[in-house]
Amino acid sequence: MKLTQVRNATLKLEFGGTCFLIDPFFADVGTLPPFPNTPNSDRWNPMVPLPVSVDSLLNVDAVIVTHMHPDHFDESAVQAIPKEMPIFAQSEADASAMREKGFEHVGLLKKDMRIGDVVLHKTSGQHGKGEIGKQMGPVSGIVFHHPDEDTLYIAGDTIWCKDVEQAINTYQPDVIVVNGGAAQFLEGGLIIMGQADVLYVHEAAPSSTIVVSHMEAINHCLLTRAELRAFAVEKGLERTLLVPEDGETLIFLQDGLSPLEA
Ligand SMILES: [Zn+2]
């Protein structure tokens, strides 16, 4: 498995002979207004550029969109991605929105499905607690299985919750990607994971490697990589909790070997 942290929640994944682009968010730096009612509301989004060219992200077999928030699937991505590219949505509502944008091969993520030789499982999550979670709407994650790969669970935009615990218990992932920038509005608490959530994930899956994404790219993500790395050291988790930079590729060899940087 070759996993590249692109920017925000955008990931490129080579897995079991298939190449996936996940949550494509291609906007140029500083071209989108801050999210409303958020901290740092003087910072325009995205706060950092893409580390690679858009073209280099398009040589994939399929695109997966965990949910339709604009920092996961934006107008620049809609423009750039060829309309004949297979693209997968979490729901019929999201799929029809994609068809309206001109995509010709829209598929639905399902509890059990296959793309190429890879078996995928759609998982659920909670994009915040209570009222704010409801307002954020439904979200999904995905588990990737292949006999020659470690099992990978990309949790998507979720806080620590029963859904995540259940996915870990059901699929026993070796590698877990969590969105850990502690995104928040002025009220209502975190809408993705912060340090405490990441620690809960580790406690639920102590032998899994955790990769933290969705950091330092949009205005209301307040947890920095430096803070999270310091937290990992404080907890003795610096080998378990990986916090890649944008553009960094992690290679995971099967059978419990340590991840190596490309
Ligand atoms: Zn979201």
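Overview of the structure. From a predicted model like this one, the values you see are computed outputs, not experimental measurements.

**Here we look at the environment of alanine 155**
Positionally, alanine 155 belongs in the loop between strand E10 (152–154) and helix H4 (162–171). On the basis of neighbour count, alanine 155 is assigned to the buried category, with 33 C-beta atoms found within 10 Å. Along the chain, alanine 155 and aspartate 94 lie 61 residues apart, while their C-alpha atoms are 18 Å from each other. Dropping the residues within four chain positions of it, alanine 155 is found in contact with Gly125, Gly141, Val164, Ile176, Val177, Val178 and Asn179.

**Quick word on the nonpolar core**
The nonpolar side chains of a soluble globular protein tend to be buried with one another. Leu152, Ile176, Val178, Val201, Ile210 and Val212 are the most contacted members of the largest nonpolar core, which totals 69 residues. If one sorts the elements of this core by residue count, strand E11 (residues 175–179) sits on top with four residues. Other than its neighbours up to four places away in sequence, valine 212 contacts Val178, Gly180, Val198, Leu228, Leu241 and Val243.

**Section: the pairing of E11**
Most of E11 is tucked away: five of the five residues are buried. Burial along E11 is two-sided: the face carrying Val175, Val177 and Asn179 and the face carrying Ile176 and Val178 are both buried. With respect to chirality, the unit in which E10 leads through H4 into the neighbouring parallel E11 is right-handed. Two elements, E11 and strand E12 (residues 209–213), share five bridges in a ladder whose sense is parallel. Across the sheet, asparagine 179 pairs through a bridge with serine 213, a residue of E12. Chirality of the crossover, the property in question, places the unit of E11, helix H5 (residues 195–204) and E12 among those that are right-handed.

**So, the pairing of strand E3 (residues 18–22)**
As defined by bridge partners, strand E2 (residues 10–15) adjoins E3 across five bridges and the pair is classed as antiparallel. The residue of E3 that forms the bridge with leucine 11 is isoleucine 22. Turn length for the E2-E3 hairpin, with the two strands adjacent in sequence and antiparallel, is two residues, and the turn residue glycine 16 shows positive phi of about 55 degrees.

**Observations regarding the sheet that holds E10**
Read from one edge to the other, the open sheet built from seven strands follows the order E7-E8-E9-E10-E11-E12-E13, with strand pairing classed as mixed. In this open sheet, the two edge strands, each paired with only one partner strand, are strand E7 (113–115) and strand E13 (241–242). Relative to E11, E10 runs parallel, the two being bridged by three bridges. When the bridges of E11 are listed, leucine 152 appears paired with valine 175. Packed onto the sheet, H5 meets E11, E12 and E13 and runs at close to 155 degrees relative to E12.

The rules behind the values
- Residues numbered from 1 in each chain as written.
- Predicted model: local features only at pLDDT ≥ 70, side-chain atom pairs only at ≥ 80, totals over all residues.
- Helix = DSSP H or I, 4+ residues; strand = E, 2+ residues; numbered from the N terminus.
- Buried ≥ 20, exposed ≤ 12 C-beta atoms within 10 Å, placed from the backbone.
- Contact = placed C-beta atoms within 7 Å.
- Core = buried A, V, L, I, M, F, W, Y, C linked by C-beta atoms within 7 Å.
- Right-handed = clockwise from strand over helix to strand, strands pointing away.
- Pairing = 2+ DSSP bridges.
- Axes fitted to C-alpha atoms, helices over the stretch in contact; angles between N-to-C directions.

From the geometry alone we can't say anything about function, so treat these as descriptive.
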